[in-house]
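Each chain is listed here by its residues.
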Amino acid sequence: MNDKPITGEKKVFMTGNEVVAWAALAAGAEVMFGYPITPQNEIMHYWTRLAPKYGRKFLQTEDELSAGFTLIGGVLAGKKAFTATAGPGNVLMQEPMSMAEAMRIPTVAVIQQRGGPSTATVIYSQQEVNLTCFGGNGEGLRVVYSTSSHQELFDYTIKAFNTAWKYRFPTFVLADGYQAKMRESLVIYDPFEKMEMVEPEPFVGKPGTPGVDRKPAHLRNAYSVEEELYEALSKDIADYEKAVPELVEHESFNTEESELLVIAHGVVYRSAAMAVKELAEEGRKVGYFRPITLRPFPQEQLKEAARKAKQILVVESAYGQLYRLVRENLYGADIPLKTMFMPGVGITPEEVREKCVALLDGKEA
Amino acid sequence: MVEILPKMPKSWNPESKPHKFCPGCGHGLVLKALGQAIDELGIQDRVVFGCDIGCSLLSWDFFNVDTVQTHHGRTTPVMVGIKRANPNLVVVAYMGDGGGYAIGSQHLVNAATRNEKITCILVNNTNYAMTGGQMAPTTMPGQKTETTPYGRDVEETGYPMLGPEMVAAITREGAYAARGSVAKFAQLKKYIKKALENQMAGRGFSFVEALSTCPTNWRTNAAQTWQFIEETMTKYFPLGEFKVPEGKED
Amino acid sequence: MGKVTRIALAGEGGQGVQSVAQILTEAAELEGKEALYIPNFGIEQRGGVSIAFVQISDQKIPAPKFKTGDIVVALSDRAVRRVQVHVGSETVFVYDASIEGVEEDLPKNARKILAIPALEVANKKLHPRVFNVLIMGAVIGATKVVSLEKAKEAIEKRLGYKFEKSPELQELNFRALEEGIKLVEGMEVE
């Protein structure tokens, strides 16, 4: 049995779903729980082919509820474990994720966004931002990384395990059907050679007899009185707030020079970045801001980036899900917000460019 | 000299006693049977107890064993995940009839079909008790509940679910399925112990339904309570073993 | 925008456009270029037109899909109709000369329209099974996005296990590639 799925570094050309399977393997994930839904299926396909070679496990469950709850069980027993889902599967996944949120269980879930609402398309969208950031009956105490390339898909899937186990909040890698299905190049590597990897530990089944050698683990998410819940939740919220500065990640370009600030995330950021860079090269005063963590949101960083902006353009393959986050996090800033919403369809650099030019030339209010 | 058994099983958590169930509730008896079985098998150090939502959630600190209180119907998959991640543990999914037969029925059916090496104990008290006494999949024909105020009409809502019979029908050799009753404590305890042993031997899915009492929602006095469980319920829900691995028959 | 070559390949299921796309992008990888390939995919249904979106460049490629291609290839009548949306004033539109009844449906706005006898050449000079490799040759000939050498290497990489069993297949595939390049020779598509 091989121990190391990857040694050193290796340039590869593969689909995003394959990237996720390799990243989870490389990060030392021991078990995947999953249920078929397009466009994430190939994560399971690659995992089930690769996992046995490295002594890793897989369970295909009866639905996403079960995938999420067996995932929670695997994590409670002390394993690095993960799942992957999309669309209606992500809806069902919110129930177990709210339990993970309540009980600080370090789950990792990869979301390959597809069209919505309902069954919609199996292809692509950015319409699962609300759900992934704030799904469940809770406060959104989660970490959501929005990736834009295969390299990031690899890097952040690995990072998700470290973040989850370090901070004990459910952690999501939010990609999409395009990223799932396309092929592009990236460098895969053994993260154990490059960075400190957070080790998992069991919540239940530790050595010794409970009540005799140690306290029993009595893990719960139900409280009989309001104050009890408030106390528990306040502690979690305080932990989350404390972690925010360490968690938030973003990328920005030309914000010091720009009158127009374009905001996009995920794969749409690629189109936005290309359009903006071209226009900047042509001497136009335009820059971009890209949140990598959608939850927590890089609020201070966005405010700083928007300081010089005279107008802001939010571009997304959804009808205002990123926009809502932007608006909330820019509260108080007196800058007109313009939008380019294309729910459920891809956005090309040409389309972003056209919109930017119209805004810069004052041809569009 | 006659050895006198302590009243409280060793695996119980004395700090959470007296327990939180209503007077006359059967949960305490089912958990006593489980506690004694754990003691006799000497597995307190490797049992993980999972409890559902409903009255079963009140058992979250009942034992001095590692315990996870989950969501309504989801205890089975959580225990499946734990068992698969650490097969050395002995896991118990403890749930009510609503959790097991309604909202979590897909998990029960599929865990049984996959022959997961876990033990499920399902408490059947013919109603959703925690939420105030609504109709459950196990409510008796004609039985009055908050959502069947004129009695359960089987033409409208079907007949009570026969869980162990179903589990027996869909599982293969190695699985265990039985129905006991808090009114027959020794038999119930024997079934629970066999269900744990069956998991420990790695033979297969082990399922025990325990007929139980709910005088609060049945609105019955002690005599009526015992009459309901021993006569009405037992007539419809026969006690006994429905599937026993080869060589483990009584 | 940038120096990205954008190629859309469309055909019926079984015509092998997705494997062409895969080999083509792998050849670009071997060349040390950046490549991005995404198939169109939707709810699985029989008889849909299969499209492969390929982009090759010296730099990182921005968006996974594009509106208009530099070269758009259609291998069936339905494909001709389906890919019209991806044709613009800069597009070289290539279709198989044997497709009948599409005269009215050919794009009006393309920079150039080429009818190539790929199916005929494949059937008469080679073998029907290498039709898609012939198309790949035509794409390479028209765009020069990868060298013949790297294209052969990529084919070897993907089909090498088959060549081991029957070495004549290697020769057949390489000939198809070269014939494909010849199909667009002198057509001034660059």
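Residues numbered from 1 in each chain as written. Chains lettered and ligands numbered in written order. Predicted model: local features only at pLDDT ≥ 70, side-chain atom pairs only at ≥ 80, totals over all residues. Heavy atoms only, no water.

### Things to note about the overall build of chain C
Here comes step 1: If you tally the helices and strands in chain C, you get six helices and six strands.
Here comes step 2: Starting at the N terminus and walking to the C terminus, you meet the elements of chain C as β-α-β-β-β-α-β-β-α-α-α-α.
Here comes step 3: Its C-alpha atoms give chain C a radius of gyration of 15 Å, near enough to 16 Å, the size a compact globule of 190 residues would have.
Here comes step 4: Referenced to the eigenvectors of the C-alpha coordinate spread, the extents of chain C come out at roughly 45 × 40 × 40 Å.
Here comes step 5: Looking at chain C as a whole, 57% of its 190 residues are labelled buried.
Here comes step 6: For chain C, contacts bridging at least 24 residues in sequence account for 55% of all contacts bridging at least 6.
Here comes step 7: Carbon together with sulfur atoms contributes 48% to the accessible area of chain C, which is approximately 8,600 Å² in total.
Here comes step 8: Taking the 25 positively charged and 27 negatively charged side chains of chain C as two groups, their mean positions are separated by 3 Å. (Helix = DSSP H or I, 4+ residues; strand = E, 2+ residues; numbered from the N terminus. Rg over C-alpha atoms; globule rule 2.2 N^0.38 Å. Buried < 20%, exposed > 50% of the residue type's maximum accessible area, 1.4 Å probe, protein only. Contact = heavy atoms within 4.5 Å. Areas by Shrake-Rupley, 256 points an atom, 1.4 Å probe, with all protein chains shown as cover. Lys, Arg positive; Asp, Glu negative; His and termini not counted. Charge placed at Lys NZ, Arg CZ, Asp CG, Glu CD.)

### Examining the overall build of chain B
Here comes step 1: Scanning chain B from N- to C-terminus turns up nine helices and nine strands.
Here comes step 2: Relative to the 2.2 N^0.38 estimate, which gives 18 Å for 250 residues, the radius of gyration of chain B is 17 Å and therefore close to what a compact globule would have.
Here comes step 3: For chain B, the residues scored as buried account for 58% of the 250 residues in total.
Here comes step 4: In the form shown here, chain B has an accessible surface area of approximately 9,900 Å², with 55% of it arising from carbon and sulfur atoms.
Here comes step 5: Taking the average place of the 25 positive charges on the side chains of chain B and the average place of its 24 negative ones, the gap between the two points comes to 3 Å.

### Considerations on the interface of chain A and chain C
Here comes step 1: Chain A puts 25 residues into the contact, and the matching count from chain C is 24 residues.
Here comes step 2: Interface area for chain A against chain C, summed over the two sides, is near 2,200 Å², with a carbon-plus-sulfur share of 62%.
Here comes step 3: Contact with chain C buries area across many residues of chain A, yet Phe13, Tyr178 and Arg183 of chain A alone supply 27% of it, more than any other trio.
Here comes step 4: For Arg6 of chain C, the salt bridge is made with Glu350 of chain A, and the minimal N-O distance between the two is 2.8 Å.
Here comes step 5: When contributions to the side of chain A that touches chain C are tallied by element, the ones reaching two or more residues are β1 (9–15), α7 (177–181), β8 (183–189), α10 (266–281) and α13 (349–360) of chain A. (Buried area = accessible area lost by both parts, 1.4 Å probe. Salt bridge = Lys/Arg side-chain N within 4 Å of Asp/Glu carboxyl O.)

### What to know about the nonpolar core
A general tendency of soluble globular proteins is for nonpolar side chains to be buried together.
Here comes step 1: Core analysis: the largest hydrophobic core is formed by 68 residues, its most contacted members being Leu76, Leu261 and Ile312 of chain A together with Val68, Ile82 and Phe205 of chain B.
Here comes step 2: Looking at which element gives the most residues to this core, the answer is helix α3 (residues 64–76) of chain A, with six residues.
Here comes step 3: Excluding its chain neighbours within four sequence positions, the residues that come into contact with Val68 of chain B are Leu76, Met99, Met103, Val204 and Leu219 of chain A together with Val48, Phe49, Gly50, Cys51, Met79 and Ile82 of chain B.
Here comes step 4: Core analysis: the next-biggest nonpolar cluster, separate from the first, contains 50 residues, Ile7, Tyr37, Val133 and Val146 of chain C among them. (Core = buried A, V, L, I, M, F, W, Y, C linked by side-chain atoms within 4.5 Å.)

### Details of the interface of chain B and chain A
Here comes step 1: Taken together, the contact between chain B and chain A spans 31 residues of the former and 35 residues of the latter.
Here comes step 2: Interface area for chain B against chain A, summed over the two sides, is near 2,700 Å², with a carbon-plus-sulfur share of 60%.
Here comes step 3: On the chain B side of the interface with chain A, the three residues burying the most area are Trp60, Asp66 and His71 of chain B, jointly 23% of the side's total.
Here comes step 4: Here chain B is connected to chain A by three salt bridges.
Here comes step 5: Where Arg74 of chain B meets Glu95 of chain A, a salt bridge forms, and the shortest distance between an N and an O atom there is 3.1 Å.
Here comes step 6: Where chain B packs against chain A, one counts 15 residue pairs in polar contact (both at pLDDT 80 or more).
Here comes step 7: When residues of the side of chain B that touches chain A are traced back to their parent elements, those giving at least two are β2 (66–69), α2 (75–85) and α4 (105–113) of chain B.
Here comes step 8: Here the element with the most residues in the side of chain B that touches chain A is α2 of chain B; it accounts for seven residues.
Here comes step 9: Along the lines of polarity and charge, the residues of the side of chain B that touches chain A split into twelve nonpolar, twelve polar and seven charged.
Here comes step 10: Examined bridge by bridge, strand β9 (residues 218–219) of chain A and β2 of chain B share two bridges and lie parallel to one another. In the sheet register, His218 of chain A faces β2 of chain B, and the bridge partner there is Thr67 of chain B. (Polar contact = N/O pair within 3.5 Å; in protein donor to acceptor, adjacent residues only side chain to side chain. Nonpolar A, V, L, I, M, F, W, Y, C, P; charged D, E, K, R; others polar. Pairing = 2+ DSSP bridges.)

### Notes on the sheet that holds strand β3 (residues 90–96) of chain B
Here comes step 1: If you trace the eight strands from one edge of the open sheet to the other, you get β9(A)-β2(B)-β1(B)-β3(B)-β4(B)-β8(B)-β7(B)-β9(B), paired in mixed fashion. Bordering the open sheet on either side are β9 of chain A together with β9 (240–243) of chain B, each of which pairs with just one other strand.
Here comes step 2: Against the sheet, α2 of chain B contacts β1 (47–51), β2, β3 and β4 (119–124) of chain B, and its axis sits at roughly 175° relative to β3 of chain B. (Axes fitted to C-alpha atoms, helices over the stretch in contact; angles between N-to-C directions.)

### Re helix α4 (residues 87–103) of chain A
Residues and elements named next belong to chain A.
Here comes step 1: A rise of 1.5 Å per residue sets the reference length of α4, with its 17 residues, at 24 Å; its end C-alpha atoms lie 25 Å apart and thus fit the reference within 8%.
Here comes step 2: α4 sits mainly inside the fold: twelve of its 17 residues count as buried.
Here comes step 3: All of the buried residues along α4 are Gly87, Gly89, Asn90, Met93, Gln94, Pro96, Met97, Ser98, Met99, Ala100, Glu101 and Met103. (Expected span 1.5 Å × (residues − 1).)

### Some points on the sheet that holds strand β12 (residues 286–291) of chain A
Pairing between the strands of a sheet comes from backbone hydrogen bonds, and it takes one of two forms, parallel or antiparallel.
Residues and elements named next belong to chain A.
Here comes step 1: One open sheet accounts for five strands, arranged β10-β12-β11-β14-β15; its pairing is mixed. Either end of the sheet is taken by a strand with one partner, and the two such strands are β10 (250–253) and β15 (337–341). Direction aside, neighbouring strands of the sheet carry axes that sit 20° apart on average.
Here comes step 2: Looking at chain direction, strand β11 (residues 260–263) and strand β14 (residues 311–316) are connected through four bridges and run parallel. Within the sheet, the bridge partner assigned to Val262 lies in β14 and is Leu313.

### Observations regarding the pattern of salt bridges
Here comes step 1: The full count for this structure, using the stated rule, is 46 salt bridges over all chains.
Here comes step 2: Between Asp190 of chain A and Lys4 of chain A there is a salt bridge; the shortest N-O distance is 2.9 Å. Here Lys4 of chain A lies in the segment before β1 and Asp190 of chain A lies in the loop between β8 and α8 (191–194), a separation of 186 residues in the sequence.
Here comes step 3: With relative accessibility at 3%, the residue Asp190 of chain A sits in the buried group.
Here comes step 4: Owing to a relative accessible area of 38%, Lys4 of chain A belongs among the partly exposed residues under this scheme.
Here comes step 5: Taking the shortest distance from any N to any O, the salt bridge between Glu179 of chain C and Lys125 of chain C comes out at 3.1 Å. On the criterion of sequence distance, the pair formed by Glu179 of chain C in helix α6 (residues 168–183) and Lys125 of chain C in helix α3 (residues 118–125) is long-range, its members being 54 residues apart.
Here comes step 6: A relative accessible area of 13% places Glu179 of chain C in the buried class.

### Considerations on the confidence of the model for chain C
Here comes step 1: This prediction gives chain C a mean pLDDT of 91; 95% of its residues lie at or above 70.
Here comes step 2: Per-residue pLDDT, averaged within each element of chain C, yields its smallest value for helix α2 (residues 77–82) of chain C (93) and its largest for strand β4 (residues 71–74) of chain C (96). (pLDDT = per-residue confidence, 0-100.)

### Things to note about the arrangement of the chains
Here comes step 1: There are two pairs of chains in contact here, and the one with the most contacts is chains A and B.
Here comes step 2: Nowhere do chain B and chain C come into contact; their C-alpha atoms are at least 26 Å apart.

### Observations regarding unusual backbone geometry
Here comes step 1: The omega angle of the peptide bond from Thr38 of chain A to Pro39 of chain A is 10°, so this bond is cis rather than trans.
Here comes step 2: The amide bond that connects Lys17 of chain B to the next residue, Pro18 of chain B, takes the cis arrangement and shows omega of 5°.
Here comes step 3: Its location among the elements puts Pro18 of chain B in the segment before α1 (27–41).
Here comes step 4: If you check the backbone angles, Arg168 of chain A has positive phi at about 60° while not being a glycine.
Here comes step 5: Assignment of secondary structure puts Arg168 of chain A in the loop between α6 (150–167) and β7 (171–176).
Here comes step 6: Even without being a glycine, Asn115 of chain B presents a positive backbone phi close to 55°.

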